[in-house]
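# Understanding the architecture of this molecule
Chain by chain, the residues:
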Amino acid sequence: MRTLTALIVVVLLVPGAWAAPAASRGEVLYRQGLLPTGEPLRGTREADVNVEGAAAACVSCHRRSGLGSQEGRYIIPPIIGRYLFRPGLRNIEDMNVPHVEGYRPNRSAYTDETLARAIRDGIDADGRELNYLMPRFKLDDAAMKDLIAYLRQLTSQPVPGVTEDTLHFATIITPDTDPAKRQAMLSVLEQFFADKNSFIRGGHRTMHASREIMYRVTRQWKLHVWELNGPPETWEQQLHERLTAEPVFAVISGLGGKTWAPVHRFCEHEGVPCLLPNIDLPVVAENDFYPVYFSKGILLEAQLISRQIREMESRPRKVTQIFRRGDIGEDAAAAVRSSLLPEGMQVQDIALPESGLPQMVGSVLKDNSAGSVVVLWLRPGDLAALPEALPQVPSVFISGLMGGLEHSPVPTSWREAAHMSYPFDLPDQRRIRMNFPSIWFKVHNIPVVDERMQSDTYLACGILAETLAEMLDSFVRDYLVERVEIMLSHRVITGYYPRLGLAPGQRFASKGGYMVKLAGKEGNRLVADSNWIVP
Amino acid sequence: MRPIRTMLGIALAFGMAGAPAAYAGDEMHMGMNMDMSHMDMSGGAGTGPHAHHHHMEQQKVTRMTADYSVPQIRLVRDDNRTVSLPDEMNDGRPVILNFIYTACTAVCPVTSRTFEQLQDMLGNDRDKVHMISITIDPEQDTPERLSAYARKYDAKSQWRFYTGSSEAILAAQRAFDVYHGDKMNHAPVTLLRAAPGQSWLRIDGFASADELLGEYRKLVHAP
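Just so you know, these numbers come straight off a predicted model, no measurement behind them.

This part is about the overall build of chain B. Secondary structure assignment for chain B yields seven helices and nine strands. Per-residue burial for chain B yields a buried fraction of 58% across its 223 residues. Pairs at least 24 residues apart make up 71% of the contacts formed inside chain B by residues separated by at least 6 positions. Accessible surface for chain B amounts to roughly 9300 Å². Of this, 52% is attributable to carbon and sulfur atoms.

Structural data, given as structure tokens:
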């Protein structure tokens, strides 16, 4: 077994962010569809169904990893050098190259010449004509040389965080994380990893030397908890140092407060897949590849609320938003503001001090809200201290995510009047899906402190485990992200979300939410005030 | 409801007497029995300048008729109007329908480019047809995204794009038997219908614009 896995060496590559080499000409051609001359790459097909530039770029079909994919019945084969320059794999047990779905079993090895012919004329190493979907590319010799050089090294670097017997993962916690939440998340992660490893020791080895079984029994999962400290400007460097000291294959979950951008940048610059289920204020940069979020969080709520306000029957002239300085509501309020200002509405933002008596919310409201729609980006402590009497305003909106969802402690008179954004599936509809995490928490005696956050964490672990199992031992970071994209859309167990889905250029898996009202005088019942809205 | 499928005289149309009968059911999309279930149309069905090209291995296309019933759903058109799918399809024009999504990078650029070519080839007949592209990624493909996509393929007023709730889009895919579990799994399919109440002609595979034009002309001129 040692020899079989010998190729997976554990050496940390010089990470891109810190020694950023200019993208090679071959990479630009592969990923962006631009020739070394700066002109767009052109691919032709029969009947003039041609492609150009980004649409012709190899990445759009063979993917960033070069390991290919599948669309419908069209199999898109891997085209990294390690496949092309050796005869096609005969079977899945061949451990020298990562196993991928689309490998072509019986093809002869390519040479530089036959590879150029495949790319230009669509004739493979054995003289077979490649199918219609694969364009024929016009490339001069210099560009062809760049491209082939790129394919030769693509996805053949050693993979950090994978040793012969261990798969290393990290979770990232920023200093402004609520300590109770931190503990709640870690309890789920640690238990999941323990489960995973006890399964390995549990004697599931069989006599079958199949590749699948070998993968499953040989590596245990190890979790590294990366707790950041100090000011956000230093976080990226801290993470870089942690990664150098303890190479990990991927980041699973994390918790933060108002600032997440340094972590997002770290994932993207270092090329580490980051599966991030619990970030309430993520970075919106969907063309970045490595950070994957479950939802746009509070920014999704800002979109939901803006849309409700824009569509009110009698359009309000004025909107007043209240938030605490330094909390995530500040960013949500800014998003609402920039969406409503162009509509000719007046937007008044009131930033309360970072900490201060909750009672002040009442007087601020009284002084400022006349005739105005009110949006509250406030935590339960502030909501509980709202005055019992509802102010005379056209409409009140509350962030469900910040305010505690159905457990929000707003005074009775507000319950049925205020509109709450609810970027999750409704409790009744998610009940059955939630059985899985709930039972798992119970069996393992994990205290449920924050049901949503903990079940999202559990869900992310499940997605990671399933994706890796399905990849067998193809430990390639880019491929992990590509497979997660596909895996997410297949999931039936989606926890708090009605469905999840990703694609290239999509990095928020759940895309909508409800508007709800709390029902009755107290308790945690709510009623939907809208259909599922994708703003 | 399962649509009734019959193979239309393929042997006759393409001079391939004795061709194996092909029932292109779901299994075809699962990658099983592919060789048995495909006819090569590029050998002579086309009428335009490209019809003489020698065929490529997987440019294999099957055609069949099927009686799909149009589901009673409401969709949102690329101009942000909510419309009824039956009304859109029964507006008096023949319908040419496909399913796409804007984040799709391999298959859809081919089928959308083919629609663009078909639109050009239709020339003056263009406005007599209603070309319909329904997204299978409704939560991502907002009307705004769809209209940007429409511009990319220079879609004129006879070619409209539709999105809707996940439930409605699922119903549409099921009704036309193109649902394969998720968007990554979708395969190229074009559906044509001459008039309400008539059967649909279903074409699986990458049919060229020539071939689609030929099929369309045959369909609308059929006695």
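Let us look at the confidence of the model for chain A. All names here are of chain A. Predicted confidence across chain A gives a mean pLDDT of 89, with 90% of residues reaching 70 or more. Across residues 1–20 the pLDDT falls below 50, and counting only partners more than four positions away or on other chains, this stretch makes 35 contacts in the model. Within the model, pLDDT remains below 50 along residues 202–209, and this stretch shows seven contacts once partners closer than five positions in the same chain are excluded.

This next bit is on the side chain of A:Ser530. Residue and element names in this part refer to chain A. In this structure, Ser530 sits in the segment after strand 18 (526–528). Polar contacts involving the side chain of Ser530 include one to the main-chain amide nitrogen of Met515, which spans 3.0 Å. When sequence neighbours within four positions are dropped, the list of residues in contact with Ser530 reads Tyr514 and Met515.

Residue and element names in this part refer to chain A. Strand order in the open sheet formed by seven strands is 12-11-13-14-15-17-18, with mixed pairing between adjacent strands. Every interior strand has two partners, whereas the edge strands, strand 12 (346–352) and strand 18, have only one. On average, each strand axis in the sheet is inclined to that of its neighbour by 25°, with strand direction left out of account. With three bridges connecting them, strand 13 (residues 373–377) and strand 14 (residues 396–399) associate as parallel partners. By the bridge assignment, Val374 is partnered in strand 14 with Val396. Along the sheet, helix 11 (residues 298–310) makes contact with strand 11 (318–324), strand 13, strand 14, strand 15 (419–422) and strand 17 (514–518), crossing strand 13 at roughly 170°.

All right, on to the packing of helix 5 (residues 112–121) of chain A against helix 6 (residues 141–153) of chain A then. Residue and element names in this part refer to chain A. Relative orientation of the contacting elements helix 5 and helix 6 amounts to 110°, with a least axis distance of 11 Å. Relative to helix 6, the element helix 5 is oriented roughly perpendicular. Residue-level inspection shows Asp112, Leu115, Ala116, Ile119 and Arg120 of helix 5 in contact with helix 6, the latter providing Asp141, Met144, Leu147, Ile148, Leu151 and Arg152. Looking at side-chain class alone, the contact of helix 5 with helix 6 contains seven nonpolar, no polar and four charged residues.

A few words now on the interface of chain A and chain B. Each partner contributes to the interface: chain A provides 33 residues, whereas chain B provides 39 residues. Our enumeration of links across chain A and chain B arrives at two salt bridges. Put simply, B:Glu139 and A:Arg499 hold a salt bridge, and the shortest N to O gap is 2.4 Å. The interface formed by chain A and chain B holds 10 residue pairs in polar contact (both at pLDDT 80 or more) in total. Counting residues per element, the side of chain A that touches chain B draws most heavily on helix 19 (residues 477–490) of chain A, at four residues. For the side of chain A that touches chain B, the class distribution of residues is 13 nonpolar, nine polar and 11 charged.

Turning our attention to the sheet that holds strand 5 (residues 136–137) of chain A. What holds strands together in a sheet is hydrogen bonding between their backbones, with the strands either parallel or antiparallel. Residues and elements named next belong to chain A. Spatial strand order, 2-1-5: three strands in an open sheet with antiparallel pairing. Looking at the sheet topology across the chains shown, the edges are occupied by strand 2 (51–52) and strand 5. Across two bridges, the pairing between strand 1 (residues 42–44) and strand 2 is antiparallel. Pairing of Arg42 across the sheet is with Glu52, part of strand 2.

What counts as what
Residues numbered from 1 in each chain as written. Chains lettered and ligands numbered in written order. Predicted model: local features only at pLDDT ≥ 70, side-chain atom pairs only at ≥ 80, totals over all residues. Heavy atoms only, no water. Helix = DSSP H or I, 4+ residues; strand = E, 2+ residues; numbered from the N terminus. Buried < 20%, exposed > 50% of the residue type's maximum accessible area, 1.4 Å probe, protein only. Contact = heavy atoms within 4.5 Å. Areas by Shrake-Rupley, 256 points an atom, 1.4 Å probe, with all protein chains shown as cover. pLDDT = per-residue confidence, 0-100. Polar contact = N/O pair within 3.5 Å; in protein donor to acceptor, adjacent residues only side chain to side chain. Pairing = 2+ DSSP bridges. Axes fitted to C-alpha atoms, helices over the stretch in contact; angles between N-to-C directions. Parallel < 35°, antiparallel > 145°, perpendicular 65-115°, else oblique. Nonpolar A, V, L, I, M, F, W, Y, C, P; charged D, E, K, R; others polar. Salt bridge = Lys/Arg side-chain N within 4 Å of Asp/Glu carboxyl O.

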